[in-house]
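In case you want the letters, here they are:
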Amino acid sequence: MSDDDTPAPAADPDRSFVAPPRRGLVAAAGLVVLALVAALGIADVQPPSPRPATIPAGEFSAGRAFEHVERMGQEVHVTGSPAAGRVRQYIIDTLTSYGLRPEVQDAVGVNAGKFGDGGMAHVRNVVAVLPGTAPTGQVVLMAHYDSVQVSYGANDDGAGTSTLLETARALTQGGGAKPRNDVVFLFTDAEEACLCGAEAFVSRHPLGQKQSVVLNFEARGSAGPAVMFQTSQGNAELIDVYARTPHPVGTSLAVEVYRLLSNDTDFTPFLAQSRFTGLNTAYIDGSSVYHSPMDRPSTMDRASLQHHGDNALALAREFGRADLPPLMKPAAGDAVYFPFAGLLVRYPAALTWPLAVLALLAVAALVFLARRRGLTSVPRTLAGLGLALVPLVVVAVAAQVLWAVLVAIRPGYGELLDPARPTWFRFGVVALTAAILMGWYALSRRRVGPVPLATGALALLAVLGALFAAAIPGGSYLVTVAALAGALAGIVALHVRPPLARFAVLVAGAALATAILAPTVALFFPALGLATGAAPAMFATLLGLAILPVLEPLYRAPSAPRHRRLGAAPAAAALVVSLVCTTTGMVVDDWDGGHPEPTHLMYALDRDTGTAQWVSLEGSPGDWTSHYVRDHRSLDREFPVLPDGDLSVGPAQAADLPAPAATIVSDETSGDRRTLHLRIASKRDVRFLSFYGEVGDHRVVSATVEGREAVPYLDEQDRFGVVFHGPPTAGLDVTLVLRGTGPFKLRLVDGSDGLASLPGFTPRPPAVGVFGSHSSELLAVAATQSL
């Protein structure tokens, strides 16, 4: 007799996995367990408490490191400025006091980012070597010491710089065995401008020509755990070393996501060369201070500095004593890894597909067994799978709508990735996610059934696991392990008779999914911010789908009479919590002197026309900025250093400021080639000096600036162009080789910082601040010259 001819056993009266007594109490107990698991998982990825300066010399102390932050974070220290020189000298003096012999690499670097903008810079890197006792290679610890033009750089990257200094002190003054391998401390210049210091080290310094393991330390905020978010390809063996640090926090999902983004750090030039492997670490919460005047020592969470330092020192010692040759080349593959119960769980990426297939088979087995018991059918499970897509989509839309509403109420948020005090808002998004999920479940469970919805949700997770295995293997664990745990728990529960024991099994499966997904939600909120709140909200939804059997007892049995109010109660309660949290967030996160409203303003003077404009990147200018700008227009042709597209603009009084100029040193023609040797100089004290060909003009065959080859053509701008940061006072030595012998037009733009001396400018009130942007407070002067 076939399976279809075998009568199915009698179904449970409510067609669910379990019908426990006192449903509400049992559900509450299960949710308390899951909440505790989530809290423990999130606590595991938080930074450790900062340690005082009185701890033993061989250990990392945030107290000692913070003294460096205070010294270096006293003033804005942009590349090429006297303040940058003072920070550089402090680093040199500190390293010298540890018995090291630092040197300054004085060179010109070229933009090495993923999307070149013609950036170049005169850089002065600080390099110091702690010689190994019997070196098998070298490990490079790196951080940049420059800041952006409006920031004090206490976190970005005073955190990394002070981490390296305190690590150097512990290795040289802390006693214990000296490293076997050479340890190079690299303090780069011009990271903020163009990654040019790192590029100059990689391409011009002798130590940059050696195979190395590179460890970069960064900050994109003021708080949170130090997350290892980027690796070189073939990272399996490096991850094994990283897992031995005191507080390993990182996920292979973050590595996969970062590889898809346009973001850059000093790690990028190293990744472009096959002779380097390495890890990139940063803390990223508190992003409202990023690149802004609020990035001062007082805003730094010293726990984050401690986390940076504990791991940096541990990695320096691990790689310092390791046999480096196997680690300085890519392993056979990447590792899949994630935080779990205080550890960094990892397995070879080669297991990604077997686990994804196993999850699919486990879910299929659960559906088969549940069907045999009359709890579901294949069509109903498929319907549950399709319905499970609904909350994912609705939650993503709702999270972005919530952010749009917040921006509409408080326009300054539009310039931020996250509010200055984001905690209440994050709770609000999580509660909103719960409200949508439970509302969807209440509407669907009677029509489709609890088990078809649960098995359909697990099937969706398993299918996503297979899709992730194909597209982003490092992220597949999120859904594959959750699907596998839920399916196995469901299979076991079907064979357990006591209702409470059966429910406990389901809670155990849900707890495993919670332990994996909850830290991911917590880490992705600061990583992507509320401005992209859809991502962490969707991860929270995946968690909700994985725990549906635990949510089921919150509702009346499907066989019981319908009670709309009771059915809507869980979703309504979550919605109320969301509204309370969001409202509290708005009250708590008001603008004040310590957390001012971010505003963007710059001044653009065109000497060709004798006109000037106020310019803002704010799409919807706030009250203060609206005093200066009222129209919209594109300025990227006249001022190529600005973004393309319409910007907020307004008329300004033309200041008496000179434009940069090009002087022909020599002009030679050979056939259809014209070689122009130029001296391009600014007539004022500037941060950068730039020059561009006309849009659509492809005549530049080659360009040399200060002895380095420049990019002859910028695809995105459809023109030749160079932006040189920290230009010498005497001007730039430039050689252009052109097609054709006719006149060549150059658009010259230089930029300084500070608007206070300009006619018509009124200082900001205390609750109005400066947005962290490379063009904030920029004073640009441009002119066109025909050569």
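Residues numbered from 1 in each chain as written. Predicted model: local features only at pLDDT ≥ 70, side-chain atom pairs only at ≥ 80, totals over all residues. Heavy atoms only, no water.

## Thoughts on the overall build of the protein chain
Spelled out, the test is: The numbering of helices and of strands both runs from the N terminus, where a helix is a DSSP run of H or I of at least 4 residues and a strand a run of E of at least 2. Put simply, the radius of gyration uses C-alpha atoms, and a globule should come to 2.2 Å times the residue count raised to 0.38. Whether two residues are in contact is decided by their heavy atoms, any of which lying within 4.5 Å being enough. We count Lys and Arg on the positive side and Asp and Glu on the negative side, and we leave His and both chain ends out. Here the site of a charge means atom NZ of a Lys, CZ of an Arg, CG of an Asp or CD of a Glu.
Assigned secondary structure in the protein chain consists of 19 helices and 24 strands. Taken over the C-alpha trace, the protein chain has a radius of gyration of 30 Å; the compact-globule value for 787 residues is 28 Å, and the two agree within 12%. On the principal axes, the C-alpha backbone points of the protein chain span a range of 95 × 65 × 60 Å. Across the protein chain, the fraction of contacts at a sequence separation of at least 24, relative to all contacts at a separation of at least 6, is 81%. Separation between the mean location of the 59 positive side-chain charges and that of the 68 negative ones in the protein chain comes to 9 Å.

## Some thoughts on the pattern of salt bridges
As a reminder of what qualifies: One side-chain nitrogen of Lys or Arg within 4 Å of one carboxyl oxygen of Asp or Glu is enough to make a salt bridge. Each residue's exposure class comes from its accessible area (1.4 Å probe, protein chains only) as a fraction of the maximum for that residue type: buried when under 20%, exposed when over 50%, partly exposed otherwise.
All told, the structure shown has 25 salt bridges when counted by the stated rule. Here Arg 51 makes a salt bridge to Glu 59, at a shortest N to O gap of 2.4 Å. Overall, the relative accessible area of 33% leaves Arg 51 in the partly exposed class. Overlapping salt bridges bring together Arg 23, Arg 445 and Glu 552 as one network.

## Some words on the packing of aromatic side chains
The criterion, for reference: Think of it this way: a Phe, Tyr or Trp ring, Trp meaning its six-membered ring, pairs with another when their centres are within 6.5 Å, and the plane angle makes it stacked under 30 degrees, edge-to-face over 60, tilted otherwise. Either the NZ atom of lysine or the CZ atom of arginine qualifies as a charge over a ring when it sits within 6 Å of the ring centre and within 35 degrees of the ring normal.
Throughout the structure, instances matching the rule amount to 18 aromatic pairs. An angle of 35° between the planes, with centres 6.1 Å apart, marks the rings of Phe 201 and Phe 270 as tilted. Of the two residues, Phe 201 is situated in helix α6 (residues 196-204) and Phe 270 in helix α9 (residues 267-271); the sequence distance between them amounts to 69 residues. Of the two residues, Phe 201 and Phe 270, neither departs from the other in class, the shared state being buried. Each ring, one from Tyr 603 and one from Trp 614, has its centre 5.3 Å from the other, and the planes form 65°; the classification is edge-to-face. Of the two residues, Tyr 603 sits in strand β11 (residues 602-606) while Trp 614 sits in strand β12 (residues 611-616), which places them 11 residues apart along the sequence. The exposure classification of Tyr 603 matches that of Trp 614, with both residues buried. Among the aromatic residues, those joined into a cluster by ring pairs are Tyr 603, Trp 614, Trp 624, Tyr 628 and Phe 761. If you follow Arg 302 out to its NZ or CZ, it ends over the ring of Phe 66, 3.8 Å from the centre.

## Points about the side chain of Ser 752
Selection criterion: What qualifies as a polar contact is a pair of N or O atoms within 3.5 Å, subject to a donor-acceptor requirement within protein and to the restriction that residues adjacent in sequence count only when both atoms come from side chains.
With respect to the helices and strands, the residue Ser 752 is situated in strand β22 (residues 745-753). What makes Ser 752 buried here is its relative accessible area of 11%. Within the structure, Ser 752 has its side chain in polar contact with the side chain of Arg 684 (distance 2.7 Å). In this structure Ser 752 touches Arg 684, Asp 685, Val 686, Arg 687, Glu 777, Leu 778 and Leu 779, once residues within four positions along its chain are discounted.

## Side note on helix α2 (residues 62-72)
Every buried residue belonging to α2 is among Ala 62, Arg 64, Ala 65, Phe 66, His 68, Val 69 and Met 72, and all of these are buried. Residues of α2 that are buried in the fold lie against α3 (82-97), α4 (158-173) and α10 (302-321). N-cap assignment for α2: the residue whose side-chain oxygen lies 3.1 Å from the backbone N of Gly 63 is Ser 61.

## A closer look at the pairing of strand β7 (residues 276-285)
Note the cut-off: In short, DSSP must find at least two bridges between two strands for them to pair.
Summarising burial for β7: 10 of the 10 residues are buried, a large majority. A two-sided burial pattern is seen for β7, the buried positions comprising Phe 276, Gly 278, Asn 280, Ala 282 and Ile 284 on one face and Thr 277, Leu 279, Thr 281, Tyr 283 and Asp 285 on the other. Where strand β5 (residues 212-219) and β7 come together, eight bridges link them in parallel fashion. Across the sheet, the residue bridging to Phe 217 is Thr 281, located in β7. Where strand β6 (residues 223-231) and β7 come together, six bridges link them in antiparallel fashion. When the sheet's bridge partners are listed, Met 228 is paired in β7 with Thr 281.

## Let's talk about the sheet that holds strand β19 (residues 708-710)
Sheets are built from strands that pair by backbone hydrogen bonding, the pairs being arranged parallel or antiparallel. Where we set the bar: Interaxial angle, 0 to 180 degrees, is taken between N-to-C directions of lines fitted to C-alpha atoms, where a helix line uses only the stretch in contact.
With antiparallel pairing, five strands are arranged side by side in an open sheet as β15-β16-β21-β18-β19. If you trace the sheet from one side to the other, it starts and ends with β15 (661-670) and β19, each paired once. Neighbour-to-neighbour, the strand axes of this sheet turn through a mean angle of 20°, independent of strand direction.

## Describing the side chain of Ser 773
On the secondary structure map, Ser 773 appears in the loop between β23 (768-770) and β24 (778-786). For Ser 773, a relative accessible area of 11% corresponds to the buried category. Of note is the side chain of Ser 773, whose polar atom sits 3.1 Å from the backbone nitrogen of Ser 775. Not counting residues up to four positions away in its chain, the partners in contact with Ser 773 are Gln 149, Val 150, His 291, His 600 and Leu 617.

## Observations concerning the environment of Thr 381
In this structure, Thr 381 sits in helix α12 (residues 378-409). If we skip the residues at most four places from it in the chain, Thr 381 touches Val 367, Thr 376, Pro 452, Thr 455 and Gly 456. Of the polar contacts made by the side chain of Thr 381, one reaches the side chain of Thr 376; its length is 3.0 Å.

## Some points on the packing of α3 against α4
We apply this condition: When describing relative orientation, an angle under 35 degrees is termed roughly parallel and one over 145 degrees roughly antiparallel, while 65 to 115 degrees is termed roughly perpendicular and anything else oblique. Crossing handedness is read from the near helix: turned anticlockwise from the far helix by less than a right angle, it gives a left-handed crossing, and turned clockwise, a right-handed one. Gly falls in the polar group here, along with every residue not listed as nonpolar (Ala, Val, Leu, Ile, Met, Phe, Trp, Tyr, Cys, Pro) or charged (Asp, Glu, Lys, Arg).
Axis separation between α3 and α4 bottoms out at 10 Å; the angle between their running directions is 15°. Relative to α4, the element α3 is oriented roughly parallel. With respect to the hand of their crossing, α3 and α4 are arranged in right-handed fashion. Contacts from Tyr 90, Ile 91, Thr 94, Leu 95 and Ser 97 of α3 reach α4 at Thr 161, Leu 165, Ala 168 and Gln 173. Taken together, the residues that form the contact of α3 with α4 break down as five nonpolar, four polar and no charged.

## Topic: the confidence of the model for the protein chain
The criterion, for reference: By definition, pLDDT measures how confident the predictor is in each residue, and it falls between 0 and 100.
Looking at the protein chain, pLDDT values average 94 and 97% of them are 70 or higher. Predicted confidence for residues 1-14 stays below pLDDT 50, and this span has 22 contacts to residues more than four positions away or in other chains.

## Overview of unusual backbone geometry
The bulk of non-glycine residues show a negative phi, and the bulk of peptide bonds are trans. Of note, the bond from Asp 156 into Asp 157 is cis; its omega dihedral lies within 30 degrees of zero at 5°. Locating Asp 157 in the fold gives a position in the loop between β3 (138-144) and α4. Of note in the backbone geometry, Glu 706 takes a positive phi value of approximately 50° without being a glycine. Within the secondary structure, Glu 706 is located in the loop between β18 (700-705) and β19. Under the relative-accessibility criterion, Glu 706 is labelled partly exposed at 28%. We note that Asp 718 has phi near 55°; this positive angle belongs to a residue other than glycine. Examined against the element boundaries, Asp 718 turns out to sit in the loop between β19 and β20 (721-725).

## A closer look at a nonpolar patch on the surface
What counts, and what does not: Patch definition: residues with relative accessible area over 30% and no salt bridge; like charges joined within 9 Å; nonpolar side chains (Val, Leu, Ile, Met, Phe, Trp, Tyr) joined within 5 Å. Note on areas: Shrake-Rupley with a 1.4 Å probe; residue coverage comes only from the protein chains shown.
Where nonpolar side chains cluster on the molecular surface, the patch consists of Val 393, Val 397, Val 401, Val 405 and Ile 409 and spans about 430 Å² of accessible area. Among the structural elements, Val 393 can be located in helix α12. Given the relative accessible area of 53%, Val 393 is considered exposed.

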